[in-house]
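Observations on the three-dimensional arrangement
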Amino acid sequence: MLAPMTRRLAEVAKKVGVSEATVSRVLNGKAGVSDATREAVLTALDVLGYERPTQLRGERARLVGLVLPELQNPIFPAFAEVVGGSLAQQGFTPVLCTRTVGGISEADYVDLLLQQQVSGVVFAGGMYTQTGVVHEHYLRLIDRRLPTVLVNAAADHWEFPRVSCDDSIAVEQAVGHLRALGHERIGLVAGPADHMPSVRKLEAFRACGGELVEHTMHSLEGGHAAAAKLLARDVTGIVCGSDPLALGVIRAARRQGMRVPRDVSVIGYDDSALMTCVDPPLTTIRQPIEAMGRAVVELLVNQIDGTAVATGELLFEPELVVRSSTARVRTDER
């Protein structure tokens, strides 16, 4: 038993930069250690995966769970970088939790984070985006009164502060841009029909007079499949619910012998990394990730500090970024 204990003391001491004796004093609840050092030791204990001593488990660690649906879409790593950096400036350590198909679920991650006595949780693109589904793990967070913030959550039924990009304005900007270029047959490639942000985009598209819609999974392959159906309906412009969807649309157009933007204009959503480097550089709707990330951290830290925050939705306005995947509609025969 002594060897594992000695190893634990040594690892934590090295992580924090203090002596093993100092770590021992913290773990045994002894006096003579500053609050800052005590907090640093407890945080290191959590990060290294060791259980806190029983008498210390009532204290919340300065850890924050950051739960993401995936990392393949570059917008999620970008968001994690912004939020993680802002949390670190506030003295918190982000714990990245990424869902995998057939692997650890969002509910499993919540259980793990609660066991680690985290100070709060941030969800981006979480299961709350599904309509008509009640997920018990969110109820557990409410029962525990654990500080929580949801990102891009069109979910009024959850009593959490929410930070979102305004999907309605995004679609209005995209459709307006294509119409200014002379496009009349405009299609929308949206996410699943039970995905609330996609529902918002669809409602805005309908309000703009749009009728040609295909729902699909948020992936390059999903964009390819949806585009094949829209191109068969002679659309000249396509608005997409994400940048990966837009890249799938471009691939589908090329495989049909069409050129972007000469034969069809394409608009993405997010302005994720490397969209200036694809061929052609993608016209897209930019989510203000920096501003949204800072707002998320501010809302979370205020909750942790005991400050009351509104449980409504804070909407941020997106920005149309025009590049080379859109052009004036052709008036000659294709």
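Criteria and cut-off values
- Residues numbered from 1 in each chain as written.
- Predicted model: local features only at pLDDT ≥ 70, side-chain atom pairs only at ≥ 80, totals over all residues.
- Heavy atoms only, no water.
- Disulfide = S-S within 2.5 Å.
- Core = buried A, V, L, I, M, F, W, Y, C linked by side-chain atoms within 4.5 Å.
- Buried < 20%, exposed > 50% of the residue type's maximum accessible area, 1.4 Å probe, protein only.
- Helix = DSSP H or I, 4+ residues; strand = E, 2+ residues; numbered from the N terminus.
- Contact = heavy atoms within 4.5 Å.
- Pairing = 2+ DSSP bridges.
- Expected span 1.5 Å × (residues − 1).
- Axes fitted to C-alpha atoms, helices over the stretch in contact; angles between N-to-C directions.
- Parallel < 35°, antiparallel > 145°, perpendicular 65-115°, else oblique.
- Nonpolar A, V, L, I, M, F, W, Y, C, P; charged D, E, K, R; others polar.
- Salt bridge = Lys/Arg side-chain N within 4 Å of Asp/Glu carboxyl O.
- Phe/Tyr/Trp six-rings, centres within 6.5 Å; stacked < 30°, edge-to-face > 60°.
- Lys NZ or Arg CZ within 6 Å of the ring centre and 35° of its normal.

A few words now on the state of the cysteines. Applying the stated criterion across every chain yields a total of zero disulfides. No disulfide involves Cys 165; its sulfur sits 15 Å from the nearest other cysteine sulfur, which is in Cys 208.

Let us now look at the nonpolar core. With 61 residues, the main nonpolar core has Phe 79, Phe 123 and Leu 141 as its most contacted residues. In terms of residues, this core owes the most to one element, helix H11 (residues 289-304), which gives eight residues. Other than its neighbours up to four places away in sequence, Phe 79 contacts Leu 66, Leu 68, Val 122, Ala 124, Val 151, Ile 289, Gly 293 and Val 296. With 21 residues, the next largest nonpolar core counts Ala 227, Leu 230, Leu 245 and Met 275 among its residues.

Below, the discussion takes up the pairing of strand S5 (residues 162-165). Along a regular strand, successive side chains alternate from one face of the sheet to the other. Residues Arg 162 and Ser 164 point to one face of S5 and Val 163 and Cys 165 to the other, with burial holding for every one of them. Bridge count for strand S4 (residues 148-151) against S5 is two bridges, and the pairing is parallel. Residue pairing for S5: Val 151 is matched across the bridge by Val 163. Relative to strand S11 (residues 313-316), S5 runs parallel, the two sharing four bridges.

Turning our eyes to something else, we now look at H11. Spanning 16 residues, H11 covers 22 Å between terminal C-alpha atoms, matching the ideal 22 Å at 1.5 Å per step. Taken as a whole, H11 has its buried residues at Ile 289, Met 292, Gly 293, Ala 295, Val 296, Val 297, Leu 299, Leu 300, Val 301 and Gln 303. Phi for Gly 306, located one or two positions after H11, is positive at around 90 degrees.

A word on the packing of helix H5 (residues 106-115) against helix H6 (residues 136-144). Where H5 contacts H6, the two axes come as close as 9 Å, and the packing angle between them is 25 degrees. By the angle between their directions, the pair H5 and H6 is classed as roughly parallel. For the pair formed by H5 and H6, the contact residues are Glu 106, Ala 107, Val 110, Asp 111 and Leu 114 on the first element and His 137, Tyr 138, Arg 140, Leu 141 and Arg 144 on the second. Tallied by class, the residues present in the contact of H5 with H6 amount to five nonpolar, one polar and four charged.

For the rest of this paragraph, the subject is the sheet that holds S11. A sheet is described by the order of its strands in space; here six strands give the open sequence S2-S1-S3-S4-S5-S11, paired in parallel fashion. Every interior strand has two partners, whereas the edge strands, strand S2 (93-98) and S11, have only one. With strand direction ignored, the average angle separating the axes of adjacent strands in the sheet is 20 degrees. Along the sheet face, H11 touches strand S1 (63-68), strand S3 (120-124), S4, S5 and S11 and points at about 160 degrees away from the line of S4.

This paragraph deals with the pattern of salt bridges. Scanning all chains against the criterion turns up 12 salt bridges. Here Lys 201 and Asp 167 are joined by a salt bridge, their closest N and O atoms 2.8 Å apart. Of this pair, Lys 201 sits in helix H8 (residues 196-207) while Asp 167 is found in helix H7 (residues 167-180), placing the two residues 34 residues apart along the sequence. One salt bridge connects Glu 290 with Arg 294, and the closest N-O pair in it is separated by 3.6 Å. Taken together, the residues Glu 290 and Arg 294, both in helix H11 and four residues apart, mark about one turn of the helix.

On to the packing of aromatic side chains. Summed over all chains, the structure comprises two aromatic pairs. Pairing Tyr 138 with Phe 160 gives two aromatic rings, centres 6.4 Å apart and planes at 65 degrees, and the pair type is edge-to-face. With Tyr 138 in helix H6 and Phe 160 in the loop between S4 and S5, the pair connects residues that are 22 residues apart, well separated along the chain. Across the pair, exposure class does not vary: Tyr 138 and Phe 160 are buried alike. A network of ring pairs unites the aromatic residues Phe 123, Tyr 138 and Phe 160 as a single cluster. Geometry around Tyr 269 places Lys 201 over its ring, the cationic atom sitting 4.3 Å from the centre.

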